[in-house]
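Next come the chains, spelled out residue by residue.
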Amino acid sequence: MHNSTLCYLENAQGEYLMLHRVKKKADINKDKWIGVGGKFEEGESPDECLRREVLEETGLTLTEFQFRGVVTFLCNDSASDQFMYLFTATGWTGELNMNCREGELAWVPKGKVLDLPIWEGDEVFLKLLAQDAPPFLLTLDYRAKDGGDRLTRAVLNGKTIV
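This text gives an overview of the structure that appears in the document. (Residues numbered from 1 in each chain as written. Predicted model: local features only at pLDDT ≥ 70, side-chain atom pairs only at ≥ 80, totals over all residues. Heavy atoms only, no water.)

## Things to note about helix 2 (residues 120–130)
Note the cut-off: Relative accessibility decides the category of a residue: with a 1.4 Å probe and only protein chains considered, values under 20% of the type maximum give buried, values over 50% give exposed, and everything between is partly exposed. Secondary structure elements follow DSSP: runs of H or I of four or more residues count as helices, runs of E of two or more count as strands, with numbering from the N terminus.
Turning to helix 2, its buried residues number three or more, namely Gly121, Asp122, Val124, Phe125, Leu126, Leu128 and Leu129. Just beyond helix 2, the residue with positive phi is Asp132, at close to 55 degrees.

## Section: helix 1 (residues 46–58)
To be explicit about the condition: For a helix, the expected span equals 1.5 Å multiplied by the residue count minus one. Whether two residues are in contact is decided by their heavy atoms: any pair within 4.5 Å suffices.
With 13 residues, helix 1 should reach 18 Å at 1.5 Å per residue; the first-to-last C-alpha distance of 18 Å fits that figure. Listed in full, the buried residues belonging to helix 1 are Cys49, Leu50, Arg52, Glu53, Val54, Glu57 and Thr58. Check the buried side of helix 1 and you find it contacts strand 1 (2–9), strand 2 (15–20), strand 4 (36–39), strand 5 (61–75), strand 6 (82–93) and strand 7 (104–109). Of the residues flanking the end of helix 1, it is Gly59, one or two places downstream, whose phi is positive at about 85 degrees.

## Description of unusual backbone geometry
One can expect most non-glycine residues to show negative phi and most peptide bonds to be in trans. A positive phi angle, close to 55 degrees, is found at Asp132, a residue other than glycine. Its place among the elements puts Asp132 in the loop between helix 2 and strand 8 (136–142). We classify Asp132 as exposed; its relative accessible area is 55%. You will see that Asn157, though not glycine, has its phi angle at about 50 degrees, which is positive. Along the chain, the position of Asn157 falls in the loop between strand 9 (153–156) and strand 10 (159–160). Its relative accessible area of 46% is what places Asn157 among the partly exposed residues.

## So, the packing of aromatic side chains
Each aromatic ring pair is specified by the distance between its two centres and by the angle formed by the two planes. So the rule is basically this: Only the six-membered ring of Trp is used, alongside the rings of Phe and Tyr, when aromatic pairs are assigned; centres must lie within 6.5 Å, and planes under 30 degrees apart are stacked while those over 60 apart are edge-to-face, with the rest tilted.
If you walk through the whole model with that rule in mind, you get 8 aromatic pairs. Ring geometry for Tyr8 and Tyr16: centres 5.2 Å apart, planes at 50 degrees, overall tilted. Judged by its relative accessible area of 0%, Tyr8 falls in the buried class. Centre to centre, the rings of Phe67 and Phe87 are 5.8 Å apart; their planes meet at 70 degrees, and the pair counts as edge-to-face.

## Regarding the nonpolar core
To keep things clear, this is the line we draw: Residues enter a nonpolar core if they are buried and are Ala, Val, Leu, Ile, Met, Phe, Trp, Tyr or Cys, with the set joined through side-chain atoms within 4.5 Å.
Core analysis: the biggest nonpolar cluster contains 42 residues, and Cys7, Tyr8, Leu9, Phe125 and Leu140 have the highest contact counts within it. Ranked by residue count, the leading element in this core is helix 2, at 5 residues.

## Focus on the pairing of strand 9
Heads up, the rule is: For two strands to be treated as a pair, DSSP must find at least two bridges joining them.
One ladder, built from 4 bridges, connects strand 8 with strand 9; its direction is antiparallel. In the strand pairing of strand 9, Asp141 is matched with Arg153. With 2 bridges connecting them, strand 9 and strand 10 associate as antiparallel partners. In the strand pairing of strand 10, Leu156 is matched with Lys159. Joining the antiparallel neighbours strand 9 and strand 10 is a turn of 2 residues, in which Asn157 adopts a positive phi near 50 degrees.

Given below as structure tokens:
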């Protein structure tokens, strides 16, 4: 299991900064829309990883962010299993660099995010963010018997919801 962070930057117009993962060939998130973030480097804490990844992918330095939950991903390829620390952010400095090496950045109205090609499980935690739910533990199980990458089970705070 590896650790990662994911952050949804929210602007005053009620939009999330979304990353369309289209630049890397071997990318588990290929063609999906996600927030910004990435894997921990050796010795990093969740907030250190968050700040570094947001800066690397956007050019922005976070000044105000909130921890929202931990999402555990279970995949057919166990090398992709991970603990993801989920954040939202409403404060930053710097100038947004739209030329991200991971894909294309775009501000998307929060009400339109679920219309984008996203992972099934992302819909679960995006709805929790929209409800301003307290910090949560969410397990998203993508271990399909046929080897596909569809959501087979979701467990929120110990209760199966899918």
